Amino acid sequence: VSQSRYHSDILPKDSMMFVMMDIHLAESGVKTMNPDSVAINNKTYYNFIFKKHHISEEQFTKSLNFYTDNPELLQEIYAKMIEEMSKNEADAHKIN
């Protein structure tokens, strides 16, 4: 399945990977917060991430739906995300 056959609003795999990586990191941080503030902080983080990557919530949702409907592509994104996060962790350990 080629993403080019779909709507132009679909984020390319690499872009989607970086957005998803930021979202996973933000959500893991929110889990340590007071449960009463989770919804507010989640929305704030999502808005920040969308601005950082110059995308809209609608574009992210369309892209997520596209990749969810194409699990082989979503698997490629997660594999690359794990590789990128492992590399970032290794780089962080070099600094310390």
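Residues numbered from 1 in each chain as written. Predicted model: local features only at pLDDT ≥ 70, side-chain atom pairs only at ≥ 80, totals over all residues. Heavy atoms only, no water.

## What about the packing of aromatic side chains?
For the structure shown, the criterion picks out 3 aromatic pairs. Between the aromatic rings of Y46 and F50, the centroid separation amounts to 5.9 Å while the plane-to-plane angle is 70°, which identifies the pairing as edge-to-face. Residue Y46 and its partner F50 are both found in helix α2 (residues 38-52); the two are separated by 4 residues, about one turn of the helix. The interplanar angle of 40° and the centroid separation of 5.6 Å between the aromatic rings of F50 and F60 together place this pair among those described as tilted. Of the two residues, F50 sits in helix α2 while F60 sits in helix α3 (residues 57-69), which places them 10 residues apart along the sequence. The exposure class of F60 is buried, given its relative accessible area of 9%. Through successive ring pairs, a cluster of aromatic residues spans Y46, F50 and F60. (Phe/Tyr/Trp six-rings, centres within 6.5 Å; stacked < 30°, edge-to-face > 60°. Helix = DSSP H or I, 4+ residues; strand = E, 2+ residues; numbered from the N terminus. Buried < 20%, exposed > 50% of the residue type's maximum accessible area, 1.4 Å probe, protein only.)

## Here we look at the nonpolar core
Counting residues in hydrophobic clusters, the biggest one holds 19 residues, and the most contacted among them are M16, V19, M20, I55, F60, Y67 and I77. The contacts of I77, once residues within four sequence positions are left out, are K13, M16, M17, M20 and Y67. (Core = buried A, V, L, I, M, F, W, Y, C linked by side-chain atoms within 4.5 Å. Contact = heavy atoms within 4.5 Å.)

## A few points about the environment of Y46
Owing to a relative accessible area of 24%, Y46 belongs among the partly exposed residues under this scheme. Spatially, the C-alpha atoms of Y46 and A26 are 8.2 Å apart, while their sequence positions differ by 20 residues. Side chain to side chain, Y46 and E27 meet in a polar contact 2.4 Å long. (Polar contact = N/O pair within 3.5 Å; in protein donor to acceptor, adjacent residues only side chain to side chain.)

Purely geometric stuff here, so don't read any function into it on its own.
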